[in-house]
Amino acid sequence: MLRPLLEGKMDEIRRNVALRFLSVGAWAYASTYAWLAFLSFPGVRQTTAFTMVSSATQTLLCFGFLGCVLTGSIYALLPASRNVGWPSHPALTWHFWCTTIGLAITASSYALAGIFQGLAWSDPGVPLSTISSYLRPFLCTALVGQGLWLVGQIAFSALFFSTILKLFPTTAPWAVFPTPIANHPDDVQEIYS
Amino acid sequence: MKSTRALILVFLALLFAWIGQVAIGYIQVGRLEPVLNEETNYTEPPVPSGLAQTGARVFASEGCIECHSLSVRGPIGSSDLTRGWGQRRSVPRDYLFREPALVGFSRIGPDLSNIGERIKDPAEIMMHLYDPRKRKPSSTCPPHPWLFEKRIAGPRTENDALPLTTINWKQTVPSYSAKALVAYLQSLNLNYALPEAPLK
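Thresholds applied
- Throughout, residues of each chain are indexed from 1 in the direction in which the sequence is written.
- Here every chain gets a letter starting at A, and every ligand a number starting at 1, in the order they are written.
- It should be noted that, the model being predicted, local features are given only for residues of pLDDT at least 70 and side-chain atom pairs only at 80 or more, the latter also being counted only at that level, while totals for whole chains, interfaces and linings use all residues.
- Note that water and hydrogens are dropped before the side-chain values are worked out from all heavy atoms of the structure.
- Secondary structure elements follow DSSP: runs of H or I of four or more residues count as helices, runs of E of two or more count as strands, with numbering from the N terminus.
- C-alpha atoms define the radius of gyration, and 2.2 Å times the number of residues to the power 0.38 defines the globule rule.
- N or O atoms closer than or at 3.5 Å make up a polar contact, with two conditions inside protein: a donor-capable atom paired with an acceptor-capable one, and, for residues adjacent in sequence, both atoms drawn from side chains.
- Throughout, a residue-residue contact means that at least one pair of heavy atoms, one from each residue, lies within 4.5 Å.
- Summed over both partners, the accessible area lost on bringing two parts together, with a 1.4 Å probe, is the buried area.
- Take a side-chain nitrogen of Lys or Arg and a carboxyl oxygen of Asp or Glu: if they are within 4 Å of each other, that pair is a salt bridge.
- Ten residues, namely Ala, Val, Leu, Ile, Met, Phe, Trp, Tyr, Cys and Pro, are considered nonpolar, four, namely Asp, Glu, Lys and Arg, are considered charged, and the remaining ones, Gly among them, are considered polar.
- The classification of residues rests on relative accessible area computed with a 1.4 Å probe and restricted to protein chains. Under 20% of the type maximum is buried, over 50% is exposed, and intermediate values are partly exposed.
- On a range of 0 to 100, pLDDT expresses the predictor's confidence in each residue.
- Helix span, as expected, comes to 1.5 Å for every residue beyond the first.
- In this scheme, strands are said to pair when DSSP sees at least two bridges between them.
- Axes, fitted as lines to C-alpha atoms, cover a helix only where it is in contact. Angles between the N-to-C directions of the axes lie from 0 to 180 degrees.
- Here roughly perpendicular refers to angles of 65 to 115 degrees, roughly parallel to angles under 35, roughly antiparallel to angles over 145, and oblique to all remaining angles.
- By convention the crossing between two helices is left-handed if the near helix lies anticlockwise of the far one by an angle smaller than a right angle, and right-handed if it lies clockwise.

Across its full length, chain B holds six helices and four strands. Overall, chain B shows an N-to-C arrangement of helices and strands of α-β-β-α-α-α-α-β-β-α. A globule of 200 residues ought to have a C-alpha radius of gyration of about 16 Å, yet chain B, at 22 Å, is considerably larger. Projected onto the principal axes, the alpha-carbon positions of chain B cover approximately 85 × 50 × 30 Å.

So, in structure tokens, the structure goes:
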């Protein structure tokens, strides 16, 4: 199953929700370490120590890498192990996009908040209450991101429990969309040739 | 052959990580000892009282570390000293007797490494714990009323009761956890010099 991911076959990744989550997890893993490498520069480290950049790192690593890889694994393994399928394509789509967009919004909000917070901490003329008010818009945006993430998790919970309890008929046996997604006219020709 | 090479690479990666994270760290700070102050004949950093050590656990369990760090940074790239959070930077030796050794990872409020020196009156810290905005209106610190008990007051309020208006003859008295937490905060003091971190 991982071969399309390793070979970079994007059409197969797009169609398969498990592979989508695994690829997002891989990107989150790579982004976490690129982010940590950026933070390790002395000037950046001095500015961003004790700021919300640590929350950005945690979000990327725990929710991005660990969460997405675990979710992808569940999508891949559950149908095989329990001989069941997934009941709804739209719920699969909602779960993927809400999770991914929520993750991106949350992590980037925390990262920007941390950088602004660090710059404000460096200036002794800026009082603490002002720094807190600087952070408010970023934290509100992060809250929106976490809300989206929650919507995704609700969709996933509904899918998971209805699959385990066999509440609805199966429409997506392997969490794979029925037709390939064509993004370019050449793709259409390739798919139907 | 390929698998042997891969295993060697994995082993080397783990070895380098262990050297960087554990071995070098141990060489740098693993054998630190307290320094004897010949004038006072006490060790520095000072050993905190039992109540203060209990207070460190209250500090950790209340989640204060989410918003307060316990590490003053040096003058390069930070304004900690200019903000008056300490007379010198924190060094690893300061944490020798702190169990758990809380350094912090995020700052919403000020650093508390030197709070015992900055706020000397325990009643003021107690009031801050009960309702931070009564002491400082712009504070974003949450109140901790569960660290206090409401008790029926006698003819007079108890000595350690908070200076609040009594309602229905009830006074607000700090619990053991609040007293321990205040003892811990008062023990946080960087007013001593160390060989690697002299006072300004």
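Still more ground to cover, so stick around.
Let us now look at the side chain of H68 of chain B. Residues and elements named next belong to chain B. Its location among the elements puts H68 in the loop between α2 (50-61) and α3 (115-118). Here the side chain of H68 touches P110 through a polar contact of 2.8 Å, landing on its backbone oxygen. Filtering out sequence-adjacent residues up to four positions away, H68 remains in contact with G104, S106, G109, P110 and L112.

The interface of chain A with chain B comprises 18 residues on the first partner and 19 residues on the second. It is Q46, F50 and W121 of chain A in chain A that bury the most area against chain B; as a group they hold 49% of the surface buried on that side. Where chain A touches chain B, the interface holds zero salt bridges. Summed over the shared surface of chain A and chain B, the result is eight residue pairs in polar contact (both at pLDDT 80 or more). Looking at the side of chain A that touches chain B, the elements that each hand over two or more residues are α6 (89-122) and α7 (128-164) of chain A. Looking at the side of chain A that touches chain B, the element that brings in the most residues is α7 of chain A, giving five residues. For the side of chain A that touches chain B, the class distribution of residues is ten nonpolar, seven polar and one charged.

This brings us to the pattern of salt bridges. Residue and element names in this part refer to chain B. Evaluated as defined, the whole model comprises ten salt bridges over all chains. With its nearest N and O atoms 3.4 Å apart, the salt bridge here joins R107 to D111. Comparing R107 with D111 shows no difference in burial state: the two are buried. Taken together, the shared-partner salt bridges connect R73, D80, R107 and D111 into one network.

What follows is about the environment of Y176 of chain B. All names here are of chain B. Here Y176 is to be found in helix α6 (residues 176-187). Among the residues examined, Y176 registers a relative accessible area of 54% and is labelled exposed. Spatially, the C-alpha atoms of Y176 and L147 are 8.1 Å apart, while their sequence positions differ by 29 residues.

This paragraph deals with the confidence of the model for chain B. Looking at chain B, pLDDT values average 89 and 100% of them are 70 or higher. Scored as a complex, the prediction yields pTM 0.79 and ipTM 0.74.

Residue and element names in this part refer to chain B. Taking 1.5 Å per residue as the helical rise, α6 with its twelve residues ought to reach 16 Å, and the 16 Å between its terminal C-alpha atoms agrees with that figure. Listed in full, the buried residues belonging to α6 are A178, A180, L181, V182, A183, Y184 and L185. Looking at the packing, one finds that the buried side of α6 touches α2, α3, α4 (122-130), β3 (148-152) and β4 (170-174).

Next up on the list: the pairing of β4 of chain B. All names here are of chain B. In terms of burial, β4 is a largely internal element, four of the five residues being buried. Direction of pairing for β3 relative to β4: antiparallel, over a ladder of five bridges. Looking at β4, one finds that F148 is bridged to P174.

Here we take up the packing of α4 of chain B against α6 of chain B. Residue and element names in this part refer to chain B. Direction vectors running N to C along α4 and α6 enclose 120 degrees, while the axes themselves pass 10 Å from each other. The angle between α4 and α6 falls in the class oblique. Crossing hand, α4 versus α6: right-handed. Side by side, α4 and α6 meet where P122, I125, M126 and L129 of the first sit next to A178, K179, L181, V182, L185 and Q186 of the second. In terms of residue class, the contact of α4 with α6 is built from eight nonpolar, one polar and one charged.

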